[in-house]
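# Observations on the three-dimensional arrangement
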Amino acid sequence: MLTFIGLGLYDERSITVEGRDALQAADRVYAEFYTSKLIGTTVDDLEAAHDIEIEVRDRAGVEQEPDDMLAAAETEDVAFLTAGDTMISTTHVDLRLRAHDRGIETRVIHGVTAQTATSSLTGLQNYRFGKATTLPFPYAHGADGLPASVTETIDDNQDDGLHTVVYLDIKAEREEYMTADVGAELIAEEYPDLAGVVVARAGSPDPLVEAGTMSELADREFGDPLHLLVVPGECHLLEADALVELAGADRESLRIA
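This text gives an overview of the structure that appears in the document. In every chain, residue numbers begin from 1 and rise along the written sequence. Local features in a predicted model are, by the rule used here, given only for residues with pLDDT of at least 70; side-chain atom pairs are given and counted only at 80 or more, and totals for whole chains, interfaces and linings are based on all residues. No hydrogens and no water enter the side-chain calculation; it runs on all heavy atoms of the structure.

### A short note on the overall build of the protein
Definition in use: Comment: elements are numbered from the N terminus, with helices defined as DSSP H or I runs of at least four residues and strands as E runs of at least two. Here the globule rule is a power law, 2.2 Å times the number of residues to the power 0.38, and the radius of gyration is based on C-alpha atoms. When a residue's accessible area, from a 1.4 Å probe over protein chains only, is under 20% of the maximum for its type it is buried; when over 50% it is exposed; and in between it is partly exposed. Here, two residues are considered to be in contact whenever any of their heavy atoms come within 4.5 Å of each other. The method behind every accessible area is Shrake-Rupley, applied with a 1.4 Å probe, and residues are considered shielded solely by the protein chains displayed. This count recognises Lys and Arg as positive and Asp and Glu as negative, with His and chain-terminal groups excluded. Each charge is placed at NZ for Lys, CZ for Arg, CG for Asp and CD for Glu.
Helix and strand counts for the protein come out as 11 helices and 14 strands. For 257 residues, the compact-globule formula gives about 18 Å, and the C-alpha radius of gyration of the protein, at 19 Å, lands near that figure. Its C-alpha atoms put the protein at 60 × 35 × 30 Å along the principal axes. Looking at the protein residue by residue over its 257 residues, the buried ones come to 50%. Considering only contacts in the protein between residues 6 or more positions apart, those separated by 24 or more positions represent 71%. Put simply, the protein shows about 12,200 Å² of open surface, and 45% of that area lies on carbon and sulfur atoms. Of note, the protein has its 18 positive side-chain charges centred 4 Å away from the centre of its 51 negative side-chain charges.

Here it is, written out as structure tokens:
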């Protein structure tokens, strides 16, 4: 069997009880942290906390050369770990399908995701979010200004009255994480007066939620990563109350349904 286990958002304790039990019962454990990582822990601490050994794979070792993992799963119980949830944003459907092609049974044990935590922390209702987007480092997309993927997503969601999650670029292998002030500064070039909400360190003991215009957020500091930005769409009255009380939003800057 190949079991995909989401580790949650922050440290070695963020995993569910079901995930912990499956992890400790596995014969082999693999992980990838190139798409995201648990900021509050290390691989050594994960191994010590769960009494396991973890083989960390790079992108090529998961996406191009997974045959040894799949071969092991034909005769042993193999666990594959990622931060968050293995099938949400950090998507490994291809690996699961390859396992099915080889007749290997699979299952998914979910973890908390940044999307669900963001809804919970901000008070914005989950069903009122539209398509999400990722804001890359300028050097990563090689063009001036915001990529069309970002502007079109924000514009389309704003037109539909929906909230937008803007994931900020992560280069985990280089330990480079875009911070919310940098992300807000980039977005402010196109949308200086657009309302935004910073969510920092979701899942940790000290998450931060702070609202302002993109220009205002660009001039603030939000502490350690991981960060993301939310662009509120049209807010229900209760959502507006939550942003004012929980994130310090200026009610006048919000679009209220």
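### A look at unusual backbone geometry
In this structure, the amide linkage connecting proline 225 to the following residue, leucine 226, adopts the cis form with an omega of 5°. Considering the arrangement of structural elements, one finds leucine 226 in the loop between α10 (214-217) and β12 (227-231). Phi at glutamate 175 takes a positive value of approximately 50°, unusual for a residue other than glycine. For glutamate 175, a relative accessible area of 57% corresponds to the exposed category. Even without being a glycine, arginine 201 presents a positive backbone phi close to 60°. By the element assignment, arginine 201 lies in the loop between β10 (195-200) and β11 (208-213). The buried category is assigned to arginine 201, whose relative accessible area is 11%.

### Points about a negative patch on the surface
To keep things clear, this is the line we draw: Patches in this entry comprise residues that are over 30% relatively accessible and not in a salt bridge; like charges within 9 Å are linked, as are nonpolar side chains (Val, Leu, Ile, Met, Phe, Trp, Tyr) within 5 Å. Salt bridges are defined as contacts in which a side-chain nitrogen from Lys or Arg sits within 4 Å of a carboxyl oxygen from Asp or Glu.
Taken together, Glu152, Asp155, Asp156, Asp159, Asp160, Glu185, Glu189, Glu190 and Asp219 make up a surface patch of like negative charges. Structurally, aspartate 219 is set in the loop between α10 and β12. Residue classification places aspartate 219 among the exposed positions, given a relative accessible area of 70%.

### Topic: the nonpolar core
General note: in soluble globular proteins, nonpolar side chains tend to be found buried as a group. What counts, and what does not: Grouping buried Ala, Val, Leu, Ile, Met, Phe, Trp, Tyr and Cys residues that are joined through side-chain atoms within 4.5 Å yields what is termed a nonpolar core.
Core analysis: the largest hydrophobic core is formed by 24 residues, its most contacted members being Leu135, Val166, Leu168, Ile187, Val198, Met214 and Leu229. Going through the elements one at a time, α8 (148-160), β7 (164-168), α9 (180-188), β10, α10 and β12 are the ones with two or more residues in this core. For this core, the element with the most residues is α9, which contributes 5 residues. Residues within four places of methionine 214 in sequence aside, it is in contact with Ala184, Ile187, Ala188, Tyr191, Pro192, Leu194, Ala195, Gly196 and Val231. The next biggest cluster of nonpolar side chains, apart from the first, holds 19 residues, and it includes Val165, Tyr167, Ala202 and Ala211.

### Examining the sheet that holds strand β2 (residues 28-31)
Here is the rule: Following DSSP output, two strands are said to pair if at least two bridges run between them.
Spatial strand order, β3-β2-β4-β1-β5: 5 strands in an open sheet with parallel pairing. Bordering the open sheet on either side are β3 (55-56) and β5 (106-109), each of which pairs with just one other strand.

### A closer look at the layout of surface pockets
Over the atoms a probe the size of a water molecule is rolled, and this reveals where empty space is left. Test applied: Cavities and pockets are found on a 1 Å grid laid over the protein atoms alone: a cavity is a set of points where a 1.4 Å probe fits but cannot escape, a pocket is an open set with protein on both sides within 12 Å along at least five of seven lines, and a lining residue has an atom within 4 Å of such a point. Grid points are joined across faces, edges and corners, and a volume is the space filled by probe spheres set on the points. Each residue is assigned to one class: nonpolar for Ala, Val, Leu, Ile, Met, Phe, Trp, Tyr, Cys and Pro, charged for Asp, Glu, Lys and Arg, and polar for all the others, Gly among them.
Approximately 650 Å³ is the volume found for the largest pocket. Around the largest pocket, the lining is made up of 30 residues, and of these Thr35, Ser36, Ala114, Tyr167 and Ile170 lie nearest the centre. Elements supplying a minimum of two residues to the lining of the largest pocket: α6 (114-122), β7 and β12. Counted by class, the lining of the largest pocket contains 15 nonpolar, 10 polar and 5 charged residues.

### So, the packing of aromatic side chains
Put simply, the rule reads: Working definition: rings of Phe, Tyr and Trp (its six-membered ring) pair if their centres are within 6.5 Å, and the pair is stacked with planes under 30 degrees apart, edge-to-face with planes over 60 apart, and tilted otherwise.
Under the criterion given, the structure shown has 2 aromatic pairs. Consider the rings of phenylalanine 4 and phenylalanine 80, whose centres lie 5.9 Å apart with planes at 70°: the pair is edge-to-face. One end of the pair, phenylalanine 4, is in strand β1 (residues 2-6); the other, phenylalanine 80, is in strand β4 (residues 78-82), with 76 residues separating them in the sequence. Across the pair, phenylalanine 80 and phenylalanine 4 agree in class, each one buried.

Keep in mind that these numbers describe shape and distance, not what the molecule does.
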